[in-house]
Amino acid sequence: MFHIYSYDDAKIFHGKLVQCWFLRKIKGGKTKKNGYSCKDTTCLVCNSKIHMQTDLPSKLKVFLLKDDNIEKLVSGVPKELLSLVGNFEQIKFSKRDQKKIRSFFINTGYENWFQENYSKVFLDKLNLDTCTYCNRNYTLNLIDSRTRAELDHWFPKEKYPILSLSFFNLIPSCHSCNHIKGSPNINWKEALDNYIHPYIIEKHETFKFGFNYDLSLNDYKVEIEVKNGSKIEKTVVANSLKEIYSSNASKELKDLVDLRYKYSDNYIDILINKTFKGLMTEEEIYRLVFNIEIDEKKYHQRPFSKFKHDVIEELKKIK
Ligand SMILES: [Zn+2]
Ligand SMILES: [Zn+2]
């Protein structure tokens, strides 16, 4: 579970784009009476052929156009999204309308429009290279010779279709993390009190990777140190982080442990504190020798950064 530290560019880009899209879908374009245009000549929505969606339930349109609900829905922080969902759930819709609403948000809006056309630009603006949940895989996928970003919906879009396009609900992730659905019993209305949200930094909620020798396996195995009962502990469990690393980081762990135990001297310590000391910055040494970033805010730039960093720090101490 990793934090997303800087996202202003992506949020501004996304906010403008998605708000125009909603207004255009509800009101139609300039050719319509009372049609919508933001009048920005560079707007990717208002200058394209995005047409009014004529079959939207009128109660949905009323809800979206009320107060600043579109703005909240598009750019509101997770708490605001939940309260918006609460208000929306007060409205009674027929089964048929519910189906239309799902398909409008999930298929028309998210899958066919946003993900298809803008997920890569969105990811570029976020500048996130590896999966927010695991830091093990890169976030870009190649599908039909086109690169697309995999985005997880923190509040599941199947449960809350209206949050399909909300900025704080779009979490860059790898394909496998996007398909771990954690515990199916998660109470999403209380989820912000129980789990870490990647866009919300909670400094005291930390975890550390470690390792242990397992006699029955006759091998080293990955451990995760985390405070009992903390939000981060629940998050680590929900994201199956230990399972992911146990099955995917064993080679990385073995290489590092070997580097410490195959020789009588602590080579890790020597490489960092003697061989390259003074020739490069500490950051450069870790990048060159271990292929990782050591600044928490840059962990996402290279896979396994936090994992290797935590293990190295532990190994350095062993005399
Ligand atoms: Zn526009
Ligand atoms: Zn992942």
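These figures come from a predicted structure and were not determined experimentally.

So, how was this worked out
- Residues numbered from 1 in each chain as written.
- Chains lettered and ligands numbered in written order.
- Predicted model: local features only at pLDDT ≥ 70, side-chain atom pairs only at ≥ 80, totals over all residues.
- Heavy atoms only, no water.
- Helix = DSSP H or I, 4+ residues; strand = E, 2+ residues; numbered from the N terminus.
- Buried < 20%, exposed > 50% of the residue type's maximum accessible area, 1.4 Å probe, protein only.
- Contact = heavy atoms within 4.5 Å.
- Areas by Shrake-Rupley, 256 points an atom, 1.4 Å probe, with all protein chains shown as cover.
- Domains from an automatic or database assignment.
- Buried area = accessible area lost by both parts, 1.4 Å probe.
- Phe/Tyr/Trp six-rings, centres within 6.5 Å; stacked < 30°, edge-to-face > 60°.
- Donors = N, O, S within 2.8 Å, 3.2 Å for Na, K, Ca; no water.
- Tetrahedral: all angles 85-135°; square planar, octahedral: opposite > 155°, others 65-115°.
- Axes fitted to C-alpha atoms, helices over the stretch in contact; angles between N-to-C directions.
- Parallel < 35°, antiparallel > 145°, perpendicular 65-115°, else oblique.
- Nonpolar A, V, L, I, M, F, W, Y, C, P; charged D, E, K, R; others polar.
- Expected span 1.5 Å × (residues − 1).
- Arc of directions from axis to C-beta.
- Salt bridge = Lys/Arg side-chain N within 4 Å of Asp/Glu carboxyl O.

On to the overall build of the protein chain. Counting its regular elements, the protein chain contains 13 helices and six strands. Referenced to the eigenvectors of the C-alpha coordinate spread, the extents of the protein chain come out at roughly 80 × 40 × 35 Å. When burial is assessed residue by residue, the protein chain has 49% of its 319 residues classed as buried. Taking all contacts inside the protein chain whose residues are at least 6 apart in sequence as the whole, residues at least 24 apart take part in 69%. Working note: accessible area of the protein chain is about 16,700 Å², and carbon and sulfur atoms make up 49% of it.

Here Arg260 lies in helix 10 (residues 250–261). On the basis of relative accessibility, which here comes to 5%, the residue Arg260 falls in the buried class. With sequence-adjacent residues up to four places away left out, Arg260 is seen in contact with Asp265, Asn266, Leu315, Ile318 and Lys319.

When the domains of the protein chain are assigned, the result is domain 1 (8–178) and domain 2 (207–317). The C-alpha centroid of domain 2 is placed 37 Å from the C-alpha centroid of domain 1. Each side of the interface is counted separately: domain 1 has ten residues, and domain 2 has 13 residues. Here domain 1 meets domain 2 over a buried area of about 950 Å², counting both sides, of which 52% is carbon and sulfur. The largest contributions to the domain 1 side of the interface with domain 2 come from Tyr133, Asn135 and Arg136, which together make up 55% of the buried area.

Tallied over the entire structure, the rule returns 36 aromatic pairs. Pairing Phe2 with Phe207 gives two aromatic rings, centres 6.2 Å apart and planes at 75°, and the pair type is edge-to-face. You can see Phe2 sitting in the segment before helix 1 (8–27) and its partner Phe207 sitting in strand 5 (residues 207–214), a full 205 residues away along the chain. According to the relative accessible area criterion, Phe2 is buried, its value standing at 9%.

A few words on the environment of Phe207. Take Phe207: its relative accessible area is 7%, and that puts it in the buried class. Apart from residues no more than four positions distant in its own chain, Phe207 is found in contact with Met1, Phe2, Ile224, Glu225, Val226, Ile232, Val236, Leu241, Lys306 and Asp310.

Attention now moves to the coordination of the zinc ion (ligand 1). Angles between donor atoms at a metal ideally measure 109.5 degrees for a four-coordinate tetrahedral arrangement and either 90 or 180 degrees for a six-coordinate octahedral one. Protein ligation of the zinc ion (ligand 1) involves Cys20 (SG), Cys38 (SG), Cys43 (SG) and Cys46 (SG), the donor distances falling in the range 2.2 to 2.3 Å. In this structure, the zinc ion (ligand 1) is surrounded by four donor atoms whose angles at the metal cover 107 to 111°, and the resulting shape is tetrahedral. Within one chain, the residues serving as donors to the zinc ion (ligand 1) are arranged as C-x17-C-x4-C-x2-C.

Moving on, we come to the packing of helix 12 (residues 282–290) against helix 13 (residues 305–317). One can describe the packing of helix 12 onto helix 13 by two numbers: an axis separation of 13 Å at closest approach and a directional angle of 105°. Considering the angle they form, helix 12 stands roughly perpendicular to helix 13. Touching Glu282, Tyr286 and Phe290 of helix 12 are Lys308, His309, Ile312, Glu313 and Lys316, all from helix 13. Looking at the contact of helix 12 with helix 13, its residues break down into three nonpolar, one polar and four charged.

Here the focus is the coordination of the zinc ion (ligand 2). Here the zinc ion (ligand 2) is held by the protein donor atoms Cys131 (SG), Cys134 (SG), Cys174 (SG) and Cys177 (SG), which lie 2.3 Å from it. Seen from the zinc ion (ligand 2), its four donor atoms lie at angles of 106 to 113°, and the figure they make is tetrahedral. Read from N- to C-terminus, the donor residues coordinating the zinc ion (ligand 2) fall into the pattern C-x2-C-x39-C-x2-C. Placement of the pair is Cys134 in the loop between helix 5 (95–126) and strand 1 (140–143) and Cys174 in the loop between strand 4 (170–172) and helix 6 (175–178), with a sequence separation of 40 residues.

Compared with an ideal rise of 1.5 Å per residue, which puts twelve residues at 16 Å, helix 10 spans 16 Å between its outermost C-alpha atoms and is within 8% of the ideal. For helix 10, the set of buried residues is Leu253, Leu256, Val257 and Arg260. Around the axis of helix 10, the buried residues are gathered within 95° of arc, so they sit on the same side. Turned more than 90 degrees from where helix 10 packs its buried face, Lys251 and Asp255 sit exposed. If you follow the buried residues of helix 10, they end up packed against strand 5, strand 6 (219–226), helix 11 (267–275), helix 12 and helix 13.

We now examine the pattern of salt bridges. Per the counting criterion, the structure on display carries 17 salt bridges. Put simply, Asp124 and Lys120 hold a salt bridge, and the shortest N to O gap is 3.2 Å. Residue Asp124 and its partner Lys120 are both found in helix 5; the two are separated by four residues, about one turn of the helix. One salt bridge in this structure joins Asp310 and Lys306, with 2.9 Å as the shortest N-O distance. Of this pair, Asp310 and Lys306 both sit in helix 13, four residues apart, which is roughly one turn of the helix. For Asp310, a relative accessible area of 8% translates into the label buried. A residue is classified by how much of its surface remains accessible, and Lys306, at 10% relative accessible area, is buried.

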